[in-house]
Structures are given as structure tokens and as C-alpha cells.
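An overview of the molecular structure
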Amino acid sequence: MKVTYILAILIIYLEMAFKGVILESAGIMDKICTLLFSVPIFLTLNLLCNVFKEKISKTILILSSTILTLYFTIQAVFYDLFGIPFSFSSLGLAEGALGFTEVIKNVIIKNLLTIIILMLPTILTIIFLKKIKFERYNKKKVAVNFISIILAILLIISVIFTDRKETYSAYNLLFNIDAQEKNIEKFGLITSTAIDLQRTIYGFKEKDTSFVYEYIDNLEPTEKNEYTGYFKDKNLIFILAESFNTIAIEEKLTPTLYKLSNSGFVFNNFYSPLFLSTTGGEFQATTGLIPSQEILRLWKKDLPQIPYAIGNSFSEQGYTANAYHNWLYTYYDRPGTMKTLGFDSYLAIGNGLENLIDSDWIPSDVEMINATTDFYTSEDKFVTYYITVSGHAPYDFHGTNTTAMRYEELAQDLPYTYSANAYMATQIELDKAIETLINRLEKAGVLQDTVIALVGDHYPYTLTIDDINSISTYERDEIVEVNKSNFIIWNSEMKETIQIDKVGSQIDILPTLLNLFEIQYDSRYIIGQDILSDAPGIAIFSNRSWVSDYGTYFAAKKKFVPKENVSIKSNYVEEINESVANKFIMSNLFLKYSIYQELEK
């Protein structure tokens with residue numbers, strides 16, 4: 001077989017396999033567009049493999065196929081681990097999370113079949129290398145190859161400028177919208193990587209700052225509602241719980257979580273979308289903005305002012321703001337980001353907490369609560385932020401997860417999968433930590449004046465969907481419903497349970513809490529919205545899929561599944577797609593161009 005055919009098969013196979021297995025993209029037009037954008041890449045490699053002597057050509061073929069295969073494989077593992085593709089704009093951003101070698105090993109094992117599928121062409125190429133025929137192109141064939149590249153590029157340009165109507169058209173993705181996963185769906189991984197690299201080096205301006213003011217002027221603010229000031233002047237303890245999810249709630253095994261999630265405010269359609277592990281969940285919940293890899297990097301590097309962030313908003317009302325984390329003080333660059341959120345007091349392992357608790361992996365959430373409550377319960381008004389770690393992967397009883405092993409007897413015989421049982425064991429620790437917190441608040445005489453809010457940073461993404469569904473009360477998909485979770489807002493003095501059916505997600509946490517505590521804010525400056533308001537509910541995911549009060553949109557498949565007995569207008573999906581795209585853009589602009597400071601002026 002000629003090397004030309006080998007290269008064509010390799011590139012088409014890798015792109016289609018990644019699109020189908022990883023992104024689950026089924027759009028025929030996107031696949032055609034990917035094939036078209038792959039032609040110049042194929043022709044360039046083909047030229048390189050046919051202008052040199054056979055020995056050099058064989059080396060080029062093996063190197064190129066190996067590099068491409070490894071890159072596709074790394075992207076597959078990264079995507080499974082963090083819920084988004086790797087971007088050069090976020091180099092170093094996931095460094096902390098990638099330090100968990102046991103987690104990486106488990107994710108590789110989990111994706112072993114996918115890795116084998118992606119590596120198959122290169123393995124076969126190496127095995128049958130002697131049977132591959134290489135040509136030594138003469139000047140005429142070189143010229144034909146060059147002309148073919150130029151013609152392919154011209155055809156691509158014509159496609160770009162004719163595909164301009166939809167929100168995520170080829171034209172908009174190249175010139176107006178920075179959406180890496182949509183780029184991969186439309187152009188393929190190789191081309192999208194080139195786009196990503198170019199934007200990382202030279203920058204990319206989706207919209208200028210005038211777009212912000214136009215967007216804000218045309219945006220309807222959310223109104224105050226019957227719950228405005230419901231918790232006025234009370235204290236707040238906000239907990240970002242490692243890998244907490246609805247599946248962790250079980251009446252006998254985690255009774256405190258069960259109690260809190262079935263009383264107080266109960267949000268029946270809440271999601272914790274996975275955006276680059278814990279740091280993405282933290283950013284959403286504390287700022288009300290949608291993260292991107294570039295914005296998360298800027299957040300950590302430039303430390304922009306975020307006046308509405310949870311610590312800042314409460315501090316302005318006279319609250320003492322403290323933050324605690326029972327893992328490394330420097331993890332995810334938190335010494336800086338905690339200040340942007342308004343927590344000048346931040347205690348973790350490495351700046352003092354190691355003297356108060358056992359800091360060996362995995363530290364105890366219960367110990368952290370016991371060691372820290374006395375630091376703030378004597379304050380007149382306080383907002384306290386806890387970031388837990390006991391629920392961290394890997395989930396097993398015979399490895400490095402000391403939390404799971406601590407509760408092995410209680411969880412090993414649960415009717416779930418082995419990994420799911422180990423996960424449940426870790427959530428017992430969280431449950432006991434919340435129980436301890438309630439008891440210590442009561443002992444300090446401040447329980448009745450304190451609101452506990454708890455949300456997961458993300459679903460336990462190292463579990464397989466089969467693991468998750470072995471616990472789940474309904475069948476979940478891997479794109480949207482796997483992110484279905486709980487948002488707990490509870491106070492011991494609440495006399496009623498308030499059921500909320502509207503869709504919400506992590507970016508809605510901040511405005512919801514601000515409204516409940518009657519802390520003034522301009523809702524147009526936060527992308528999330530008060531879930532208790534009359535604004536339409538929506539949850540947005542990293543690949544631009546979304547869930548609204550009317551149905552679910554799967555972006556890769558361009559498929560909208562309406563809820564039962566609802567009717568929507570004909571252009572509803574495209575309108576929401578445009579709104580979602582604008583929300584991503586606005587989140588970027590707010591931080592990237594210091595819009596908050598400009599608005600204050």
C-alpha cells in the first residue's frame with residue numbers, strides 16, 4: 001500500500017475516532033468540514049514522506065504517526081479527566097491535579113479501550129512498515145502536491161465565508177467565538193490545535209469592550225422576590241465539597257447530608273458542570289462567572305479584582321471572611337485567588353493548619369472542622385469558606401485512599417460497584433464533618449444564626465458512568481445528567497422545606513446567596529442568576545450543551561430533547577445557543593479587560 005493512503009487513513013481515522021468516541025459528535029456536516037480541513041494537513045505530510053529517500057521517509061512516517069497518535073491519546077485522557085480538551089493557554093493550570101499519579105493511572109485504565117482504538121493505526125503501520133510503498137516525487141509531482149494544497153485552502157476559505165448563519169458556524173468560530181471544543185467538533189483536533197496555539201501566542205479578541213456595555217444595557221435585571229433578605233444579617237458557612245454529588249446522599253449511610261438536602265431550600269434540578277476539575281467548580285461557585293482555561297489562568301496569574309465575589313460581597317457588609325482548606329496551601333495558586341475572592345485570612349496545609357490536623361494524604365474533613373470553628377464563631381458576623389478534600393479520588397479500599405479505608409466496613413458491602421462503594425465511603429467522612437460542624441456551631445451558640453450552604457466542586461469524574469449509575473436512582477448520560485447534583489442551603493430555624501424545580505447550576509450560587517442575605521448587587525454584572533427569581537433557569541456545560549426549564553440540548557449532536565408537555569417557539573434553540581455563547585464571552589471580558597474596574601469608574 002502506498003504511503004499516501006496510509007497517511008490519509010491515519011488522519012481520517014484519528015479525527016473520526018476522537019469525534020465519535022470522545023466528543024460523541026454525530027453531525028454529518030461537521031464531519032465533512034473536519035475532512036476538508038484535514039486535506040492540507042494530509043497533503044503536507046504526504047509531500048514530506050515522498051520527497052526524501054525511503055529511509056528518511058520511513059522515519060518521517062513513523063515519527064508523524066506516533067506524535068499524532070500520542071497527542072490524540074493525551075487529549076482523550078485529559079478530556080476524560082477534566083471535562084474539557086487541553087489548551088496551550090492553560091499550560092501549568094492543571095499541574096496540581098495532574099500530580100495525583102494514582103488518579104492518572106486509574107483514568108488511563110478507565111480509558112484503555114479508547115487508547116487502544118486511537119493507537120491501532122500506528123501499531124499496524126509499524127508492523128507492516130516493510131510493505132508500505134514510498135515514492136520519490138519528481139518536480140512535477142511536487143508541483144501538483146503544492147497546487148493541491150493551495151486549491152484545498154481556497155476551498156476551505158470559500159466554505160468559511162458561506163457558513164456564517166449559525167451561532168457556532170465555521171466563520172464565527174474562527175473570527176468571533178473562542179470555543180475550543182466547538183472548534184474540534186467543526187474543524188477536527190489537528191486544525192483546532194493550530195488555532196489554539198495561534199491564539200495562545202498572539203491572543204484573540206472575541207468582542208471589544210463596547211460589547212459589554214451594549215450587552216449590559218440590553219439585559220433585563222432580575223427582580224427582588226419573596227426570598228430577598230430571607231437570611232439577612234445571619235452568618236454564612238459555604239462549603240465546596242470534593243466530588244460531592246446527589247449519589248452520595250443515602251439516609252442511613254450519610255444521614256446528615258440526607259437531612260440537609262431534604263429540608264431547607266431543596267433545588268430539584270441543580271447541576272455542577274465539570275470545568276477543569278476543582279478550580280473550575282470553585283470559580284463558578286464563588287464568582288458567578290463561567291470559566292474558560294484562559295480565564296482561569298488569568299485569574300491565577302493576574303489576580304483581577306472581582307468585587308462581587310463571595311468574600312468581597314459579604315466583607316463590605318461587615319462580615320469577617322475566613323477560608324480553610326485541608327490540603328496544600330499553594331494548591332491551585334490559592335494564596336492569590338483567595339484574595340481576589342475576598343478572603344484575606346486563608347489557612348491550609350503549609351501555612352499553619354498542618355500543626356492542627358494530621359496532614360498525611362488524605363487529610364480528614366472532620367479534623368479540619370474541629371480545628372477551625374473556634375477561629376470565627378466568636379465574631380459578630382462571619383462568612384466562612386471551606387474547601388474539603390476527603391472525597392478525593394482514587395476510589396478504592398486497598399490503595400492510597402485512607403478516607404475510603406477508614407470507612408471500609410461501612411461501605412464495602414454496599415450493592416454498588418467496587419469503586420462506587422469506595423466513593424460512598426469517602427462521603428461518609430464529609431457527612432461526619434457536617435455533623436461535627438452543626439454540633440460545634442450549636443455548642444458555640446450560633447447555630448440558629450448561621451446558614452450552611454454546600455455544593456460539590458464536580459461529580460466524581462474518575463468513576464465510570466456504570467459506577468455512577470450503579471448508585472443513581474435514574475440512568476444518567478455522560479454529557480449532561482452525570483453533572484446532576486445538589487445545592488444545599490440550610491438553617492436550623494427554617495420552619496418549612498422550600499422546593500425549587502427551576503434549573504440552576506454553580507454560577508447561580510453567588511447571586512442566589514446575595515439575594516437571600518439582602519446584599520446589594522447588579523445582577524447584570526454576574527453571569528449566573530438568582531435561582532429564586534423569576535428569570536428562566538438554565539445550566540451551561542463546557543461543551544456548550546445546556547439544560548433549560550424546557551429541555552436539554554446536546555451540543556455535539558445538535559440535538560434538543562424537550563421536556564414533556566412543553567411547547568417552544570421555532571427559533572428557541574438558536575436563541576439559547578446565542579445567549580450561551582454571549583455568556584461565555586461576557587465572562588471572559590469581565591476579567592480579561594478589567595471590566596469591573598471600568599464599570600466602577
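Taken together, four strands build an open sheet; the order of strands is 10-11-12-13 and the sheet is antiparallel. Looking at the sheet topology across the chains shown, the edges are occupied by strand 10 (538-540) and strand 13 (559-562). Between one strand and the next, the sheet's axes are offset by a mean angle of 10°, whatever the strand orientation. Pairing of strand 12 (residues 551-554) with strand 13 involves four bridges; the strand directions are antiparallel. Among the inter-strand pairings, tyrosine 553 is bridged to a residue of strand 13, identified as phenylalanine 560. Helix-sheet contacts for helix 22 (residues 572-592) involve strand 10, strand 11 (546-548), strand 12 and strand 13, and the interaxial angle to strand 11 is about 120°.

Its place among the elements puts threonine 114 in helix 5 (residues 112-127). Sequence-distant contacts of threonine 114, defined by excluding residues within four places in its chain, comprise Val21, Ile22 and Ala76.

On to the side chain of glutamine 284. In this structure, glutamine 284 sits in helix 12 (residues 277-287). In this structure, glutamine 284 is in contact with Pro273, Phe275, Leu289, Pro291, Gln506 and Ile507, ignoring residues within four places of it in sequence.

Burial analysis of strand 4 (residues 345-349) places four of its five residues in the buried class, which makes it a mostly covered element. One crossover worth recording links strand 3 (residues 320-328) to the parallel strand 4 by way of helix 15 (residues 334-341), and it is right-handed.

The next thing to look at is the packing of helix 13 (residues 293-302) against helix 22. The contact between helix 13 and helix 22 brings their axes to 10 Å, and the two run at 20°. Regarding the angle of helix 13 to helix 22, the classification is roughly parallel. Viewed along their axes, helix 13 and helix 22 form a crossing whose handedness is left-handed. Here helix 13 contributes Glu294, Ile295 and Leu298 to the contact with helix 22, which in turn contributes Asn588, Leu591 and Lys592. When its residues are assigned to classes, the contact of helix 13 with helix 22 shows three nonpolar, one polar and two charged.

Here helix 2 (residues 28-48) crosses helix 6 (residues 139-162) at 165°, and the two axes come no closer than 9 Å. Comparing the axis directions of helix 2 and helix 6 gives the class roughly antiparallel. You can see that helix 2 and helix 6 cross each other, and the crossing is left-handed. Residues Leu36, Phe37, Val39, Pro40, Leu43, Thr44, Asn46 and Leu47 of helix 2 form the contact with helix 6, whose own contacting residues are Val142, Asn145, Phe146, Ser148, Ile149, Ala152, Ile153, Leu155, Ile156, Val159 and Ile160. The class makeup of the residues in the contact of helix 2 with helix 6 is 15 nonpolar, four polar and no charged.

About the criteria used
Residues numbered from 1 in each chain as written. Predicted model: local features only at pLDDT ≥ 70, side-chain atom pairs only at ≥ 80, totals over all residues. Heavy atoms only, no water. Pairing = 2+ DSSP bridges. Helix = DSSP H or I, 4+ residues; strand = E, 2+ residues; numbered from the N terminus. Axes fitted to C-alpha atoms, helices over the stretch in contact; angles between N-to-C directions. Contact = heavy atoms within 4.5 Å. Buried < 20%, exposed > 50% of the residue type's maximum accessible area, 1.4 Å probe, protein only. Right-handed = clockwise from strand over helix to strand, strands pointing away. Parallel < 35°, antiparallel > 145°, perpendicular 65-115°, else oblique. Left-handed = near helix turned anticlockwise from the far one by under 90°. Nonpolar A, V, L, I, M, F, W, Y, C, P; charged D, E, K, R; others polar.

Such coordinate-based values are descriptive only and should not be taken to indicate function.
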